[in-house]
Amino acid sequence: MVKNLEQWINELIKDKELWKFYKSKEFRHLKEEVLREQHYECQECKKLGKITKADTVHHVQHVRKHPSLALSKYYTYQGKQYRNLIAVCKSCHNKLHPEKHKPKKDIFINEERW
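Residues numbered from 1 in each chain as written. Predicted model: local features only at pLDDT ≥ 70, side-chain atom pairs only at ≥ 80, totals over all residues. Heavy atoms only, no water.

Caption draft 1: Structural context of the nonpolar core. Core analysis: the largest hydrophobic core is formed by 22 residues, its most contacted members being Ile9, Phe21 and Cys42. Beyond its immediate chain neighbours, meaning those up to four positions away, Ile9 contacts Leu18, Phe21, Val63, Pro67 and Ala70. (Core = buried A, V, L, I, M, F, W, Y, C linked by side-chain atoms within 4.5 Å. Buried < 20%, exposed > 50% of the residue type's maximum accessible area, 1.4 Å probe, protein only. Contact = heavy atoms within 4.5 Å.)

Caption draft 2: Quick peek at the environment of Asp55. Looking at the element boundaries, Asp55 is found in the loop between helix 4 (43–47) and strand 1 (56–59). On the basis of relative accessibility, which here comes to 43%, the residue Asp55 falls in the partly exposed class. Considering only alpha carbons, one finds Asp55 and Ala87, 32 residues apart in sequence, at a separation of 7.2 Å. Polar side-chain contacts of Asp55 include one of 3.5 Å to the backbone nitrogen of Lys90. (Helix = DSSP H or I, 4+ residues; strand = E, 2+ residues; numbered from the N terminus. Polar contact = N/O pair within 3.5 Å; in protein donor to acceptor, adjacent residues only side chain to side chain.)

Caption draft 3: Main features of the pattern of salt bridges. Within this structure, the stated rule accounts for 7 salt bridges. With its nearest N and O atoms 3.4 Å apart, the salt bridge here joins Asp15 to Lys14. Of the charged contacts in the structure, one is a salt bridge between Lys73 and Glu37, with a shortest N-O distance of 2.5 Å. Residue Lys73 is found in the loop between strand 1 and strand 2 (74–77), and its partner Glu37 is found in helix 3 (residues 25–37); the two are separated by 36 residues along the sequence. Because the salt bridges share partners, they merge into one network encompassing Glu33, Glu37 and Lys73. (Salt bridge = Lys/Arg side-chain N within 4 Å of Asp/Glu carboxyl O.)

Caption draft 4: Here's a closer look at unusual backbone geometry. Phi is positive for Lys16, close to 55 degrees, though the residue is something other than glycine. Tracing the backbone shows Lys16 in the loop between helix 1 (5–14) and helix 2 (19–23). Residue classification places Lys16 among the exposed positions, given a relative accessible area of 74%. Backbone geometry places His39, a non-glycine residue, at a positive phi of 55 degrees. As for its position among the elements, His39 is in the loop between helix 3 and helix 4.

Caption draft 5: Spatial organisation of helix 1. When helix 1 is considered as a whole, its buried residues turn out to be Leu5, Trp8, Ile9 and Leu12. Looking down the long axis of helix 1, one finds its buried residues gathered within 95 degrees of arc, a one-sided arrangement. Considering only its buried residues, helix 1 is in contact with helix 2. If you check the start of helix 1, you find a side-chain oxygen 3.0 Å away from the backbone N of Glu6, and it comes from Asn4. Note on helix 1: the residue one or two positions beyond its end, Lys16, has a positive phi of about 55 degrees. (Arc of directions from axis to C-beta.)

Caption draft 6: Spatial organisation of the side chain of Gln38. Here Gln38 shows up in the loop between helix 3 and helix 4. Take Gln38: its relative accessible area is 4%, and that puts it in the buried class. Among all residues touching Gln38, those that are not within four sequence positions of it are Gln43, Arg83, Leu85, Ile86 and Ala87.

These results come straight from atomic positions and should not be treated as a statement about function.
In structure tokens form, the structure reads like this:
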């Protein structure tokens, strides 16, 4: 990995290879640590009084927007510390990233919808 995290992530974004960050040893270890610390419980479901198994972590400060925080468990805003990585289930992670789930356009072949 490039010594400068922010530079490396920006290069991955430019090359459309951000997935390499999520497969990196550093992130995989951090992800496992966060899941363990948060007892593999989805923090979003927990807010609603439900206990659901978490299988991933969500960056509150999105990696594309804040690459310098990509490996940070916490971030500071106006002098207060907040969690940057939260354990979530797949369903909640999808809700937290609606931009990744744009509806697919219908395909028309010979005026028929497929």
